[in-house]
Amino acid sequence: TTQDFVLIVITCADPPVITSMPGTTATEGQPYSYQVIASHSGNSFQFNLAVAPAGMSVDAHGLISWTPSFTQSGLRTVKLIVSSGTPGCVAEQIFQVDVTDVNVSPEFVSVPITDASEGTVYGYRAVAVDPDTDPVAYTLINSPPGMSIEAESGLIRWNPNQTAATGSPYAVTV
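The following paragraphs examine the structure supplied in this document. (Residues numbered from 1 in each chain as written. Predicted model: local features only at pLDDT ≥ 70, side-chain atom pairs only at ≥ 80, totals over all residues. Heavy atoms only, no water.)

1. Points about unusual backbone geometry
- In the Ramachandran plot, N142 falls in the positive-phi region, its phi being about 55° despite a non-glycine side chain.
- Inspection of the secondary structure assignment puts N142 in the loop between β13 (139-141) and β14 (148-149). (Helix = DSSP H or I, 4+ residues; strand = E, 2+ residues; numbered from the N terminus.)

2. Thoughts on a nonpolar patch on the surface
- Together, F5, L7 and V9 give the surface a local cluster of nonpolar side chains, amounting to about 410 Å² of exposed area.
- Take F5: it is sitting in the segment before β1 (17-18).
- Judged by its relative accessible area of 65%, F5 is exposed. (Patch = residues over 30% accessible without salt bridge, like charges linked within 9 Å, V, L, I, M, F, W, Y side chains within 5 Å. Areas by Shrake-Rupley, 256 points an atom, 1.4 Å probe, with all protein chains shown as cover. Salt bridge = Lys/Arg side-chain N within 4 Å of Asp/Glu carboxyl O. Buried < 20%, exposed > 50% of the residue type's maximum accessible area, 1.4 Å probe, protein only.)

3. Here we look at the sheet that holds strand β2 (residues 25-27)
- In spatial order, the strands read β2-β9-β8-β5; together these four strands make up an open sheet with mixed pairing. Edge positions in the sheet fall to β2 and β5 (46-51), since each has one partner strand and no second. Shown here is a sheet whose adjacent strand axes are inclined to one another by a mean of 35°, direction ignored.
- Bridge analysis of strand β8 (residues 74-83) against strand β9 (residues 90-100) gives ten bridges, and the strand direction is antiparallel. (Pairing = 2+ DSSP bridges. Axes fitted to C-alpha atoms, helices over the stretch in contact; angles between N-to-C directions.)

4. Description of the side chain of E28
- As for its position among the elements, E28 is in the loop between β2 and β3 (32-35).
- Separated by 3.2 Å, the side chain of E28 and the backbone nitrogen of S73 make a polar contact.
- If near-sequence neighbours (up to four positions away) are discounted, E28 is found in contact with P68, S69, F70, T71, Q72, S73, V99, T100, D101, V102 and D132. (Polar contact = N/O pair within 3.5 Å; in protein donor to acceptor, adjacent residues only side chain to side chain. Contact = heavy atoms within 4.5 Å.)

5. Observations regarding the pairing of β9
- Residues A91, Q93, F95, V97 and V99 point to one face of β9 and are all buried, whereas V90, E92, I94, Q96, D98 and T100, pointing to the other face, are not buried.
- In the sheet, β2 pairs with β9 via three bridges, with the strands oriented parallel. Bridge pairing links T25 to D98 in β9.
- Linkage of β8 to β9, two consecutive antiparallel strands, is achieved through a turn of six residues, within which G85 is found at a positive phi near 100°.

6. Here we look at the nonpolar core
- Within the largest apolar cluster, 19 residues are counted, with the highest numbers of intra-cluster contacts made by Y32, V36, I64, V82 and V97.
- Of all the elements, β9 adds the most residues to this core, at four residues.
- Apart from residues lying up to four places away in sequence, V36 is in contact with I18, S20, F47, H61, G62, I64, L80 and V82.
- Counting twelve residues, the second-largest nonpolar core is a separate cluster that includes Y124, Y138, I149 and I156. (Core = buried A, V, L, I, M, F, W, Y, C linked by side-chain atoms within 4.5 Å.)

Dropping the structure here:
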């Protein structure tokens, strides 16, 4: 048996051309945008991000928008494709955005225990979370004699006695 078919070759006589240049720097937590400018004899384009960091998008008008998260520092690759609507008639732009790291301070997520009894060991585990996932080290400041903290775990221990000051503002820092 024989199968006959006709092959139609589509040529792209007027491919789109991207004439704009992207910004190549961004900062964690700050908006980044790039307005793509393309040209060809037609008036309509489709914009697509074939490769992009998480959270980056492009709208129907070619506006690329992104706010890098606090874990997205470093070089990020982007591959933009602009199509004129004719199959195979596309333009590509590949670029990198260098995202500057911003150190975000850790925040305490635990609530301190504020009552202690004389003769009974006081214990409280301070817990702080760092949005950058940096390690957290705990330190006591303004603490009464004998109070200690484990730097890595945030565990505070103290055996209050009759001479222990009450009502003093004690503090933990990370």
